[in-house]
Each structure stands twice: as C-alpha cells, then as structure tokens.
Amino acid sequence: MRNILILFILLNLGFGSRTFCQNLWEKIQSPTTKNLQKIVFVDSLTGWAVGDSGIIIHTSDAGNSWNIQNSGVDLDLHSVTFPNKNIGCALSWTNAPPYGTVILKTFDGGNSWKNEFYNGQDVFLNSIYFADSLNGWIGGNYSGILFTIDGGHIWNQAAIDSFSGFPMYNFVFANKDYGFASGGSTDIMGVIYKTTNGGKNWTGKSVAADPIQKLYFLDSINIVGIGGDLEFGAGFIKSMNTGVDWVYKTLNIYGTGLGLSFRTASEGWAPIKGGFYGRFLVTNDTGNTWNEYVTPDSLFLSDIVFTDSLHGYAVGLNGTILKYKGILTAVKETVEVSSGFSLKQNYPNPFNPSTIISFLITEKANVILKIYDIMGREVKSFAHHMEKGEHNIKITSDNLSSGVYIYTLTADKNRASKKMIILK
C-alpha cells in the first residue's frame, strides 16, 4: 500500500513532463545556513539577500562571494528593497509585545542598519519597494497599501477602490507613478492593484481564485505574474494592455510559484514551492508554455533575479545561493529514429529489483543504453555491438534509490528515451 501511495504522489507531481536541469546553475559558497527568503540586485555586481533570524548577506562581485551584514535583529526578514547601492529597507515582525512590524533601514549599503517599530500595533507588513530614495510603498496582511514621498519618515494610507481587505505580497513599478501590487487569499481570491499617481490611489481587480505572489514588467505595456496554491497548482497571469485586462491560467504543475524573473524577453524562471525536491518553472515563449526543471541537488528555492541575460541569482533554504552560468539543456523523453527502430517501455514499471528494456533494430549497430537520474546524471551505462532484430536488456535497481529515471538508447544514428520508476 505504501508503494502504491508513493507512486500515486509521484505521478501526480507531473513526472510525465519532467525535464532535467544540467550545467545551468552553480552553487555558491554561502556564509550562512539560515533560510534565505528574498534577493535583490541594483546592478550585475551588487546585491543583497535576507532571510530567517535576521540574516542579511551582501555581494559586490557578481555573487562570487557573500558576507554577512549585522541587521541588529534576530527576527525573520520577509522583504528587502534597494533603490541604489547605499539606501535599503527590509521588513520583519516582532515576536514579543508590542506585536507588529519592524522596518530596517540602511544608508551605507548595509554596513549599518537602523531598526524602527512601525507606528501601528498588530500591523504586519511583509512587502516593501522603493523606486528611488524618496518614493516607496509598503503592504502586508490586511493592512492595505501605504506610501511615502520622503524616504519613509512618514507613511500615508493609500486609497483602494475595491478588494482592499487582502494580504499584499509584491510591488512592481515601471516608474515612480505607474505600478502594480499583488496579493490575495488562498481559495478565495487573487487580486492585482494598479496605480498611475505614485501609489496614492489604487484600482483593485479580482483575477484568480488564489494569490498572485510575484509580478514582473516585461515592458511598460506587458506585465506577467506567478502564483497559485498547493491544491490546484501553480498559475501564471499576463496582461498585454497595461493591466486593463488579465488572463490567468493554471499550469497543471504541482506547487505554488514564488519568485519570477526573465533572463531574456522570452525566457523566464520561477522557483516553485511544494513537492519532495526543488524545482524551477521555465518558459521560453513569454509564459505561453512552462516546463519543470529540477534544481541542482534538488535544492529548495524561494526567490530569483536576473540582472541581465548573463547574470542570474537564486536563494533558498539552508542558505542556498545559486548563480546562473549556462544555456538551457535537458534530458527528456525523445524519439529520433529511422523506420523500423523502436524502443519499448520497460516492463515491469515501476520495478524492484529488476526490469527488462526491449528494443528493435533493423541492422547491425553499436548500441549504447544509458540511465539518468532525476538530476540528469548518468548512473548506469551499457554498450554492445548487436545484430539486427529484437533485443532485451535486464536492468537491476542495485545501488539506485527510489525515484524516476530516464533511459536513453542509441543505435548508430537512431536515438530514443523513456522514463521508468524504481520503488523500493
């Protein structure tokens, strides 16, 4: 029964469309093992990441090395923003009375931080963004939207015409006047808000049944976003007319989209929360279609940013820091064959301790069978010179753990791949 349950879960996590990320990201040595939640860069060299227990780390060499900055708090940090290399803000919540929000500020690139209790008990703010040193916006759990025009000395309540009673998760601005906020509550409503006067007034629009976690400007007209929930899966939203209309679609992929950033005009990446291992959602056509890619070492990620097409960074659990370094390649189910060549599904499948892989070749050939794990790493290999006809190769699960694998058969110019599952 346990094996059947595991198989059901695996199949419903979308293994039929699984692809495998190889040589795209490198893991950078991290100065912390604390969970990192958010990351921000002001250029291709300079960035910060924040996370649990007051952790703030900083890089000034394109993410090759990171150092810890003293935040002055041991509270979890939920959001971070830097309009330039010197000025930055982060948000946290107190864990003792008076309960509410702590706003962290720096004016020297994070070398020193000043902590202030927001003037409002039981107000929990979790998203902050500054377009420049003066103009900023902040929102949270049922707090509405606040704005400042003096660098955060005074925060003013903004006017929202509708759907104002929902949590806020994200702000994006094309300039100091024109921007969007997103939020919502699971199984109730996903909401997007628009402003054209610097955040003093907002127009709310219900766009989905689940929260929108992150928005991204493709350009001043086209805006995209990611969200969803663990029950119905990740969702993608897009507007092609400055937010007047939005189209939301469920991606039929288990999990919730978190961060979102585009490496090029068409190639976008989003870490996904949920499941037994870390995954990226990746699009190569501006969000029309998406595929899953397993993260290096199956690491769980929470946020991502690309500063340009060559520089990208992602952070996550246990201090994980990844740096983009490659061009997207994948190992997946494929067929490149001439007439008469065929590769059959292994039987039994799932299997333990052995299975048979059958195939047909129409002439003598050098046959190579390779098995790849979920990370795209080769775990077994067989090479034979074979006569034409049907052949069987027995595969055992020795030294292999439970999971999904890809087997690829090459016979001279013919090539095909299929997936198989080991259950122990």
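Here the residue numbers are simple positions, counted from 1 along each chain's written sequence. Residue-level local features of this predicted model are given only where pLDDT is at least 70; pairs of side-chain atoms are given and counted only at 80 or more, and the full residue set underlies all totals for whole chains, interfaces and linings. No hydrogens and no water enter the side-chain calculation; it runs on all heavy atoms of the structure.

Participant: Just to check I follow, could you spell out the nonpolar core for this structure?
Facilitator: Soluble globular proteins tend to bury their nonpolar side chains together. Grouping buried Ala, Val, Leu, Ile, Met, Phe, Trp, Tyr and Cys residues that are joined through side-chain atoms within 4.5 Å yields what is termed a nonpolar core. Note on exposure labels: buried denotes an accessible area under 20% of the residue type's maximum, exposed denotes more than 50%, and partly exposed covers the range between, all computed with a 1.4 Å probe on protein chains only. Of all hydrophobic cores here, the largest spans 21 residues; its most connected members are Phe359, Ile361, Val367 and Leu369. Among the secondary structure elements, those contributing two or more residues to this core are strand 34 (354-361), strand 35 (365-372), strand 37 (389-396), strand 38 (403-411) and strand 39 (414-422). With sequence-adjacent residues up to four places away left out, Leu369 is seen in contact with Ile357, Lys380, Ser381, Phe382, Ile393, Ile395, Tyr407, Thr408 and Leu409. Counting 14 residues, the second largest nonpolar core, distinct from the first, contains Phe166, Phe173, Val191 and Trp202. Strands here mean DSSP runs of E at least two residues long; helices mean DSSP runs of H or I at least four residues long; both are numbered from the N terminus. In this analysis, two residues are considered to be in contact whenever any of their non-hydrogen atoms come within 4.5 Å of each other.

Participant: What exactly am I supposed to notice about the packing of aromatic side chains here?
Facilitator: The description of two aromatic rings rests on the distance between their centres and on the angle between their planes. Side-chain rings of Phe, Tyr and Trp (the six-membered ring for Trp) are treated as a pair once their centres are within 6.5 Å; stacked means planes under 30 degrees apart, edge-to-face means over 60, and tilted covers the remaining angles. Scanning the entire structure with this criterion turns up 26 aromatic pairs. Ring centres 5.4 Å apart and planes at 80 degrees place the aromatic pair Trp25 and Tyr324 in the edge-to-face group. Taken together, the residues span a long stretch of sequence, with Trp25 in strand 2 (residues 25-27) and Tyr324 in strand 31 (residues 321-324) at a distance of 299 residues. The exposure class of Tyr324 is buried, given its relative accessible area of 5%. Look at Trp269 and Phe280: their rings are 4.9 Å apart centre to centre, the planes differ by 90 degrees, and that puts the pair in the edge-to-face class. Remark: Phe280 occurs in strand 27 (residues 279-283) and Trp269 occurs in strand 26 (residues 268-273); sequence separation between them is 11 residues. A relative accessible area of 0% means that Trp269 is categorised as buried. Classification of Phe280 by relative accessible area gives buried; the value is 0%. In this structure an aromatic cluster arises from ring pairing among Trp25, Trp269, Phe280, Tyr293, Phe306 and Tyr324.

Participant: Got a minute to help me understand the side chain of Glu292 in this structure?
Facilitator: Position of Glu292 relative to the elements: it lies in strand 28 (residues 291-294). You can call Glu292 buried: its relative accessible area is 1%. Throughout this description, a polar contact denotes any pair of N or O atoms lying within 3.5 Å of each other; where both atoms belong to protein, one of them has to be capable of donating a hydrogen while the other can accept it, and for residues adjacent in sequence the pair is counted only when both atoms sit in side chains. A distance of 2.7 Å separates the side chain of Glu292 from the side chain of Arg279, its partner in a polar contact.

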